[in-house]
Amino acid sequence: MNVCEPGQDRNVAALSIMFMCGGFLNYMEVYEKYMKEAIREAELAALEDEVPIGCIVVKNGEIIARAHNQRDKTNNPLGHAETLAIKKASEVLGDWQLVNCDLYVTIEPCLMCAGAIIQSRINKVVYGAPDLKGGAFGSSINVLEASNINHRPEIVSGVLADECAKIIKDYFKSKRS
């Protein structure tokens, strides 16, 4: 594999690759750090006998909102971790537009939550495990393929996917036994 651009010094090319890989690893460390916080929220949901999905909202490196599923507890079909975290973040910021905010969630958002994410102008969505039955950012459908939506958040998938999937699999396994 040739890593040098034509006319580029090998040392410069090596430094460029190290920077690119280091930058990627740095992003992954950040993604995993915040996903672990979302996992903590999912664990709280499981303790409350809710489907264990957790979510946090981050702005400028600070967690400004956290939530977990509460549909059963509140008898509210809108009680998904993402919508609850978005609502809390909007209250903290005093604005419905969550510009420059990133959302971390353990399971790929559903269609309802994807709509809330788009409407709230979330900058980036980082999710753990895919939802093959209801995921709206590519696993089941991809709402970002709609031509007329006015906002498209960046999507990062698969962060601590095995850990995120295990929480939800274990929850449903315990329900069946």
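Everything here concerns the structure above.
Read on for an overview of the structure.

Analysis parameters
Residues numbered from 1 in each chain as written. Predicted model: local features only at pLDDT ≥ 70, side-chain atom pairs only at ≥ 80, totals over all residues. Heavy atoms only, no water. Pairing = 2+ DSSP bridges. Helix = DSSP H or I, 4+ residues; strand = E, 2+ residues; numbered from the N terminus. Axes fitted to C-alpha atoms, helices over the stretch in contact; angles between N-to-C directions. Contact = heavy atoms within 4.5 Å. Salt bridge = Lys/Arg side-chain N within 4 Å of Asp/Glu carboxyl O. Buried < 20%, exposed > 50% of the residue type's maximum accessible area, 1.4 Å probe, protein only.

Remarks on the sheet that holds strand β1 (residues 54–59)
Strand pairing in a sheet relies on backbone hydrogen bonds, with the paired strands running either antiparallel or parallel.
Step number 1: Across the sheet, five strands lie side by side as β2-β1-β3-β4-β5; this open sheet has mixed pairing. In the strand order of this sheet, the two ends are held by β2 (62–68) and β5 (154–157), each with one partner. If you compare each strand with its neighbour and ignore which way they point, the axes differ by 15° on average.
Step number 2: Of the strand pairs in this sheet, β1 and β2 are connected by six bridges, and their pairing is antiparallel. Considered in β2, the bridge of Ile56 is made with Arg66.
Step number 3: Packed onto the sheet, helix α5 (residues 161–176) meets β3 (101–107) and β4 (124–129) and runs at close to 65° relative to β4.

Here's the deal with the pattern of salt bridges
Step number 1: Per the counting criterion, the structure on display carries seven salt bridges.
Step number 2: Glu37 is the partner of Arg40 in a salt bridge, and the nearest nitrogen-oxygen pair spans 2.2 Å. Placement of both Arg40 and Glu37 in helix α1 (residues 10–47) is noted, with a separation of three residues, approximately one turn of the helix.
Step number 3: Classification of Glu37 as buried rests on a relative accessible area of 19%.
Step number 4: Ionic pairing is found between Arg66 and Glu41, a salt bridge with its closest N-O pair at 3.6 Å. Residue Arg66 is located in strand β2, and its partner Glu41 is located in helix α1; the two are separated by 25 residues in the primary sequence.
Step number 5: On the basis of relative accessibility, which here comes to 6%, the residue Glu41 falls in the buried class.
Step number 6: Members of the salt-bridge network, linked through shared partners, are Glu37, Arg40, Glu41 and Arg66.

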